[in-house]
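One letter stands for each residue in the lines below.
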Amino acid sequence: MFPRQAGRPRARRASRILLALSATAALLGVDVPDPPAAPPLGFTVGARPGAAADRVGALFAGGTAGGHFCTAAVVRSEGHDLIATAAHCLDDPDTAVFAPGYRDGETPYGVWRLTDVYTAPGWRDGEDPDADIAFATLAPLDGARIEDVVGAFPVAGQQPDDALVTILGYPSTSETPLSCTNTTELFSGTQRRIDCPDLSGGTSGSPWLVDGELAGVLGGYEGGGTVPEVSYSAVMGERALALYREASAPGAFALVAPASG
């Protein structure tokens, strides 16, 4: 009598299990949907939660109970405490606060108080639309600095005329951010234009992102646009970059009086 080969029944059972698992995986694969496709260019949709949306927030006057009026985004700085928005959003910054990642009344990263505000002479002296960009520092919250909490966008200039831009912003009538991606064109040598629907009041100051870098903010010509289908941004030229360098350096001199409160 030959000795029993104990491994064969186990091998057959293992083979049956593998076949069953393979069949199950194939069936499951049929039912699993593909990842959602990106919306077509020029369509405005709800912004997906994630790192980019967390760095964008709504500006409120005094607190979140009063409604939000503009949008801002965290940008890199040596102090890890800087946001960018439109200059016309900070004409009265004394009570302004910033809520990054704001959604449906929730402030997952807290509410941050503005301290110093930086605007260019062209805006302070005559509200030049080509200078409609501002930077503001934020006070620490519970000992933390904003960039260390949510990260920050790099700031970049010298974009091509037809740059592909993504805008993230908060219409004043919405409690969640919207997003739109489209190619842009130069409206003039100092202003950039984009066609994106539903970017109504409250989206002023929204970041214009090119490959994840801030290349402008919604503002400029006509305060960013008088109809929600067309928006503008001042070109991020040398004057804007110089203002950014001034604001992002630790101990830099504020170009307007510090915000109080």
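First things first, this report covers the structure right here in the doc. (Residues numbered from 1 in each chain as written. Predicted model: local features only at pLDDT ≥ 70, side-chain atom pairs only at ≥ 80, totals over all residues. Heavy atoms only, no water.)

**Description of the overall build of the chain**
Counting its secondary structure elements, the chain contains five helices and 13 strands. Counting every position in the chain, which comprises 261 residues, the buried fraction comes to 44%. Long-range pairs, those at least 24 residues apart, make up 68% of the contacts in the chain with a sequence separation of at least 6. A total accessible area of about 13100 Å² is found for the chain, and carbon and sulfur atoms account for 56% of it. (Helix = DSSP H or I, 4+ residues; strand = E, 2+ residues; numbered from the N terminus. Buried < 20%, exposed > 50% of the residue type's maximum accessible area, 1.4 Å probe, protein only. Contact = heavy atoms within 4.5 Å. Areas by Shrake-Rupley, 256 points an atom, 1.4 Å probe, with all protein chains shown as cover.)

**Concerning the pairing of strand β8 (residues 164–169)**
As judged from the six bridges shared by β8 and strand β9 (residues 178–186), these two strands associate in the antiparallel manner. Looking at the pairing, Val-165 lines up with Asn-182 of β9. As judged from the two bridges shared by β8 and strand β11 (residues 207–210), these two strands associate in the antiparallel manner. The residue bridging Ile-167 from the neighbouring strand is Trp-208, located in β11. (Pairing = 2+ DSSP bridges.)

**Quick notes on the pattern of salt bridges**
Considering all chains together, one arrives at four salt bridges under this definition. With its nearest N and O atoms 2.4 Å apart, the salt bridge here joins Arg-245 to Glu-238. One salt-bridge network, held together by shared partners, links Glu-185, Arg-193 and Asp-195. (Salt bridge = Lys/Arg side-chain N within 4 Å of Asp/Glu carboxyl O.)

**Remarks on the packing of aromatic side chains**
For the structure shown, the criterion picks out six aromatic pairs. Look at Tyr-221 and Tyr-232: their rings are 4.9 Å apart centre to centre, the planes differ by 80 degrees, and that puts the pair in the edge-to-face class. With Tyr-221 in the loop between β12 (213–217) and β13 (230–234) and Tyr-232 in strand β13, this pair connects stretches of sequence that are 11 residues apart. Residue class for Tyr-232 comes out buried when judged on its relative accessible area of 6%. Each residue in the set Phe-60, Tyr-102 and Tyr-170 is aromatic and connected to the rest through ring pairs, giving one cluster. Over the ring of Phe-153 we find Arg-55; its NZ or CZ atom is 5.5 Å from the centre of that ring. (Phe/Tyr/Trp six-rings, centres within 6.5 Å; stacked < 30°, edge-to-face > 60°. Lys NZ or Arg CZ within 6 Å of the ring centre and 35° of its normal.)

**Considering helix α5 (residues 238–248)**
For α5, every residue scored as buried is listed here: Ala-240, Leu-241, Leu-243, Tyr-244, Ala-247 and Ser-248. All buried residues of α5 project into a common sector of 155 degrees when viewed along the axis, lining one side. The exposed set on the far side of α5, more than 90 degrees from its buried face, consists of Glu-238 and Arg-239. On the buried face of α5, the contacting elements are β3 (68–75), β4 (82–85), β6 (112–119) and β7 (134–138). (Arc of directions from axis to C-beta.)

**Quick notes on the side chain of Asp-132**
Within the secondary structure, Asp-132 is located in the loop between α3 (121–126) and β7. One buried charged residue, Asp-132, forms no salt bridge at all, with the nearest opposite charge on Arg-239 at 12 Å. Residue contacts for Asp-132: discarding those within four places in its chain leaves Ala-86, Ala-87, His-88, Trp-123, Val-217, Gly-219, Gly-220 and Gly-223. (Lys, Arg positive; Asp, Glu negative; His and termini not counted.)

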